[in-house]
Amino acid sequence: MPALSLISVPRMRWRAGFLLAAGLQLAAAPPDATQAVAESAAARRLQVARGWTVTRRTPPPQGANLERADGPKRGAGETHERGHPAAIEPLAPVIGPDDRLYFLVGDETGTTDAESVEIWRSRRDGSQREQVAVGLRRPRGWAWDDAGNLFTTDAEAGWGDAARLVPVVEGGDSGWREAFAALPDPQASPWMREGRWNRTDRRRPAFIVPPAGTMEGGPIGLALDPKSDRAADPTGALVVAHLGRTPEESLVHSYCLKSDGAGFAVQPGRCLVAGLQPAGVAFADEGSLHVAELGRRTAGADTPGGRIWVLTREAAGASFPKPASSLRHPPAADLTRVDAEELTTWLAATDRRDRLAAQFEWARRGASSVPSLEAIVLRVEAAPLARRHALWALGQLAETVPAALNRVPALLEDRDDELRAQAAKVLGDAFRIEAFRSLRAALRDPAPRVVYFAAQSLGKLRRPDAIPALIETLRRNDDRDLLVRHALVVALARLGPDPALLATLTDPARAVRLGGLLAYRRMRDPVVARFLEDGDTEVVREAVIAVHDLELPSARPALAAQLESSPWDDEPVVRRALQAHALLGQPENARALAEFAARINAPVVHRAEALDHLARWGRPPDRDRVNGRPLPPLPPRDPAPAREIFVDFLSRMPARTPEEIQIATLRAVAGLGVVGAGHALWDVVYQEARPVATRVAALQALETLDDLRLEVAAQHAARSPRVELRLASIPVLARRHPAVCLPLLEPMSQTGTAEEQRRVYLVLAGMADARADEVLVRALQRLAAGEVPAAAEAELLFAAEQRTDVGVVTALRELQAARRASPERLARHRGVLAGGDREAGRVIFERPANSSCIQCHTTRSGRTEEGPPHRLTGSVTGWTRERVLTALLDAGAPGACLQTGVPAALSRFELRDLLAYVAGLGDDR
């Protein structure tokens with residue numbers, strides 16, 4: 001029978017590295033009865049995968065140092081004692097198997113102005129700092145596999161994308177930029193429109209290293225099984241913790257990580273445990289899986305500061321192969337006293353942490369270790385993992401003992417593919433120039449990972465005579481292995497703008513030209529603009545993206561010219577060409593935008609964007625429309641060229657023109673202040689054949705231009721049979737003289753739709769005219785008679801409360817007195833039982849405050865987590881507005897809300913929004 005154990009950690013702050021502490025021994029401490037009841041109830045709500053059982057554990061001692069110092073420190077961030085998800089901190093620095101310190105730059109702490117989160121590394125003392133990878137959004141968790149590959153998770157942006165598992169490779173760019181979030185429409189960002197987050201999206205630019213795959217949302221930590229012996233395939237069992245808004249939306253999931261050429265691909269696994277809000281995961285020394293859970297603040301008080309669930313695998317039906325027994329765990333043993341023979345045995349241990357501890361100990365012993373390590377790494381019959389760690393130890397020694405790598409070049413011909421790859425990597429990291437010929441020959445190795453590391457190392461050796469071999473490898477690879485291409489590009493960029501690289505401009509192979517372009521992009525070299533003349537659309541697209549991203553003013557005219565020569569449906573090219581025209585800002589650029597907007601065969605979305613550029617012609621953009629990045633200040637310019645275009649453009653706009661183009665044109669006319677357009681706009685308002693949204697835009701344009709025809713057009717719109725047009729006329733009329741607007745607004749308040757009445761009442765609330773009070777008095781009388789739509793009642797009461805007229809005040813008091821005298825409990829709250837904004841209600845339901853509904857209730861059916869004895873929990877899915885309102889007002893009602901101050905803390909409009917959200921949950925289901 002599956003079971004769970006629980007480690008309660010009262011008011012404890014988990015530091016990074018705590019969960020994965022090797023050799024953690026937990027002392028027995030019997031819980032009190034109250035704690036035992038709470039833990040039992042908490043365990044019942046969890047869903048545990050078959051093949052996993054749990055044993056009981058007790059808390060570690062307070063203040064214990066639980067981080068390892070002999071290998072990579074593994075962890076999953078810190079949680080606040082109140083456990084709100086926003087309190088989870090970024091990754092702490094860690095030591096990798098290469099004895100380098102890995103850390104983040106540009107995370108959400110706001111300490112830098114980096115465009116994205118970057119991964120850097122350095123020596124332990126902070127020297128020799130170098131950038132490893134960029135383009136990450138919110139990485140959470142470090143994990144190295146048996147081949148020294150580093151992985152992290154990256155959270156989704158919430159725009160319809162997915163979280164990703166990212167292999168951290170040198171020079172890698174994952175494509176995210178913080179400026180994307182500054183765009184008005186996130187769906188228009190390259191992150192979404194160009195599929196930068198998606199491994200399988202063909203629109204993804206070539207300079208981005210694709211992720212290993214996508215996964216469940218909200219990754220908060222990951223761990224690779226340290227006991228999975230995968231010598232032939234250097235991947236392990238991957239476990240990721242996913243943090244949702246509620247325990248029901250959170251889970252711990254396993255994934256299958258497979259080799260894919262030089263890279264990796266993640267495949268779906270299965271859910272291991274659900275029903276908790278994890279802060280991180282880790283494999284303990286004996287093979288159990290530790291899951292830290294957030295504490296939460298509920299009912300105005302703090303729950304115990306958090307819990308640690310311990311899952312162990314059964315002998316049969318386990319998710320991963322049951323590991324063989326390992327040696328003693330390194331923290332429990334003093335490796336400094338272990339002799340060479342026993343330390344050699346440690347290098348073949350089944351636990352990756354044991355092997356790392358032995359590797360670091362060999363490196364600590366200095367030059368005396370070299371003969372023993374060479375003997376291990378050169379013995380072909382030795383365990384593959386032992387040879388690999390011995391090689392890494394020699395790499396650690398190379399800086400102080402140069403002779404440590406003398407025999408490593410011979411390993412480039414070893415029969416073990418991964419050992420050849422690691423030998424190529426170590427030689428490059430140590431800058432062994434004498435290995436140049438061997439590394440160049442390794443570019444023809446049949447194993448992609450060997451080619452990948454050989455190219456990477458050749459770039460580090462800084463010998464330009466490697467360029468021809470690297471270019472030839474680009475041709476041979478032919479873009480089949482994207483990670484190999486990436487390593488070749490990084491190597492070419494490191495070797496600099498050598499004349500030999502210019503040959504890629506005219507090479508007949510597209511893969512070679514694309515590789516040369518990407519190398520010049522990495523060097524930020526203006527030569528990238530010369531690739532705009534390439535005959536291949538994919539190369540041109542990548543050149544356009546590079547020129548735009550590098551902000552090369554000299555190449556801007558050539559980029560703008562792509563609007564004529566490139567396919568009109570090539571979105572990355574067209575949008576950047578439109579932006580280039582807008583930045584150049586000359587009269588010929590305005591004409592080019594207008595001509596493109598008039599092309600009936602061009603995509604409507606791009607035509608509308610061209611018109612929007614024209615609408616802002618007199619105000620140079622301060623932010624890039626494509627990627628959201630701030631632009632250098634541009635001097636003001638004369639909008640006259642754009643105005644002249646629209647004098648004829650508007651009159652030649654037929655009714656069959658797509659609605660989006662009509663609206664964009666009208667907005668451009670208004671934004672530019674086109675003189676003489678009033679009659680044409682007035683005519684559009686009256687044309688019944690036009691789409692109603694176009695007529696609304698024309699009315700708004702008339703108001704922007706303050707045209708003399710506006711008053712007549714607004715009165716016509718107010719009498720229109722189209723509701724949308726009548727609604728658009730209300731704010732226009734409100735800004736006119738009361739003598740004009742009141743005769744039109746009062747009929748809407750009597751017979752209009754609920755939305756019309758809502759808007760009229762809000763207008764009347766601020767109108768400085770006594771006749772508005774008369775309209776409100778009559779409306780209150782209709783409300784007392786039940787003739788006002790419930791969805792408009794809140795606005796009517798709000799408007800009445802703003803007035804000081806005696807008649808309005810008296811009518812309002814009489815209405816309130818009658819409702820208080822009614823035997824129906826909800827009579828005085830009738831106005832919140834209809835209408836409302838569901839999205840605003842969702843924010844109220846979930847907001848992190850004492851009045852948050854989500855502290856006690858879930859939006860899913862079934863059991864929810866057990867809380868303190870005084871707290872009532874349950875699903876609100878399928879509740880009616882009346883039931884929710886009763887729970888808020890009546891302490892004795894089923895599911896009553898016991899959060900003090902909730903009804904009083906919400907305005908009438910907020911309460912209506914909250915009820916609209918909850919009442920709609922059943923419809924969503």
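Notes on the structure in this doc start here. (Residues numbered from 1 in each chain as written. Predicted model: local features only at pLDDT ≥ 70, side-chain atom pairs only at ≥ 80, totals over all residues. Heavy atoms only, no water.)

Let's talk about the overall build of the protein chain
From N to C terminus, the protein chain includes 34 helices and 23 strands. With an accessible surface of roughly 38200 Å², the protein chain has 52% of that area assigned to carbon and sulfur atoms. (Helix = DSSP H or I, 4+ residues; strand = E, 2+ residues; numbered from the N terminus. Areas by Shrake-Rupley, 256 points an atom, 1.4 Å probe, with all protein chains shown as cover.)

Thoughts on the sheet that holds strand 15 (residues 251–260)
Pairing in this open sheet of five strands is antiparallel, and the strands run 2-16-15-14-13 from one edge to the other. Two strands lie at the open edges of the sheet, namely strand 2 (47–48) and strand 13 (219–224), each paired on one side alone. (Pairing = 2+ DSSP bridges.)

Some details on the packing of aromatic side chains
The tally for this structure, following the rule as stated, stands at ten aromatic pairs. Between tyrosine 102 and tryptophan 144 the ring centres are 5.3 Å apart and the planes differ by 70°, which places this aromatic pair in the edge-to-face class. With tyrosine 102 in strand 5 (residues 101–105) and tryptophan 144 in strand 8 (residues 139–144), the pair connects residues that are 42 residues apart, well separated along the chain. Between tryptophan 682 and tyrosine 686, the aromatic rings sit 4.5 Å apart at their centres with planes inclined by 45°, giving tilted as the arrangement. Pair noted here: tryptophan 682 and tyrosine 686 are both in helix 21 (residues 678–686), with a separation of four residues, about one helical turn. Using a relative accessible area of 25% as the deciding quantity, one classes tryptophan 682 as partly exposed. A relative accessible area of 27% means that tyrosine 686 is categorised as partly exposed. (Phe/Tyr/Trp six-rings, centres within 6.5 Å; stacked < 30°, edge-to-face > 60°. Buried < 20%, exposed > 50% of the residue type's maximum accessible area, 1.4 Å probe, protein only.)

Concerning the packing of helix 20 (residues 659–672) against helix 22 (residues 692–705)
Running from N to C, helix 20 and helix 22 point in directions that differ by 5°, and their axes come no closer than 9 Å. Relative to helix 22, helix 20 is oriented roughly parallel. Note on element contacts: helix 22 touches helix 20 through Ala693, Thr694, Ala697, Ala698, Ala701, Thr704 and Leu705, opposite Glu659, Gln662, Ile663, Leu666, Val669 and Ala670. Residue composition of the contact of helix 20 with helix 22, grouped by class: nine nonpolar, three polar and one charged. (Axes fitted to C-alpha atoms, helices over the stretch in contact; angles between N-to-C directions. Parallel < 35°, antiparallel > 145°, perpendicular 65-115°, else oblique. Contact = heavy atoms within 4.5 Å. Nonpolar A, V, L, I, M, F, W, Y, C, P; charged D, E, K, R; others polar.)

Quick notes on the packing of helix 16 (residues 571–584) against helix 18 (residues 604–615)
Between helix 16 and helix 18, whose axes approach to 10 Å, the crossing angle comes to 15°. Comparing the axis directions of helix 16 and helix 18 gives the class roughly parallel. The two elements helix 16 and helix 18 cross, and the hand of that crossing is right-handed. Taking contact as the criterion, the partners of Glu571, Val574, Arg575, Leu578, Gln579 and Ala582 in helix 16 are, on helix 18, His606, Glu609, Ala610 and His613. (Left-handed = near helix turned anticlockwise from the far one by under 90°.)

As for the side chain of aspartate 624
Mapping aspartate 624 onto the fold places it in the loop between helix 18 and helix 19 (640–651). We note that aspartate 624 is buried and unpaired, the nearest opposite charge coming from arginine 629 at a distance of 4.6 Å. A polar atom in the side chain of aspartate 624 sits 2.7 Å from the backbone nitrogen of valine 626. Not counting the four nearest positions on each side in its chain, aspartate 624 is found in contact with Leu183, His548, Gln579, Arg629 and Leu631. (Lys, Arg positive; Asp, Glu negative; His and termini not counted. Salt bridge = Lys/Arg side-chain N within 4 Å of Asp/Glu carboxyl O. Polar contact = N/O pair within 3.5 Å; in protein donor to acceptor, adjacent residues only side chain to side chain.)

A closer look at the pattern of salt bridges
Inspection of every chain in the model, using the stated rule, returns 57 salt bridges. In this structure, arginine 576 and glutamate 194 form a salt bridge, with 2.7 Å as the shortest nitrogen-oxygen distance. With arginine 576 in helix 16 and glutamate 194 in the loop between helix 2 (190–193) and strand 12 (213–215), this residue pair connects regions lying 382 residues apart in the sequence. There is no split in this pair, since arginine 576 and glutamate 194 are both buried. Aspartate 479 serves as the salt-bridge partner of arginine 485, at 3.3 Å between the closest nitrogen and oxygen. Like aspartate 479, arginine 485 is buried. Where salt bridges share partners, they join Asp98, Arg121, Glu130, Glu170, Lys425, Asp429, Lys460 and Arg494 into one cluster.

A closer look at the side chain of glutamate 542
Checked against the element boundaries, glutamate 542 lands in helix 13 (residues 537–550). For the buried glutamate 542, no salt bridge is present, and the opposite-charge side chain at shortest range is arginine 521, 5.2 Å distant. Discounting chain neighbours no more than four positions away, the residues touching glutamate 542 are Pro205, Ala206, Phe207, Leu514, Leu517 and Leu518.

In short, the description is geometric, and any link to function would need to be established separately.
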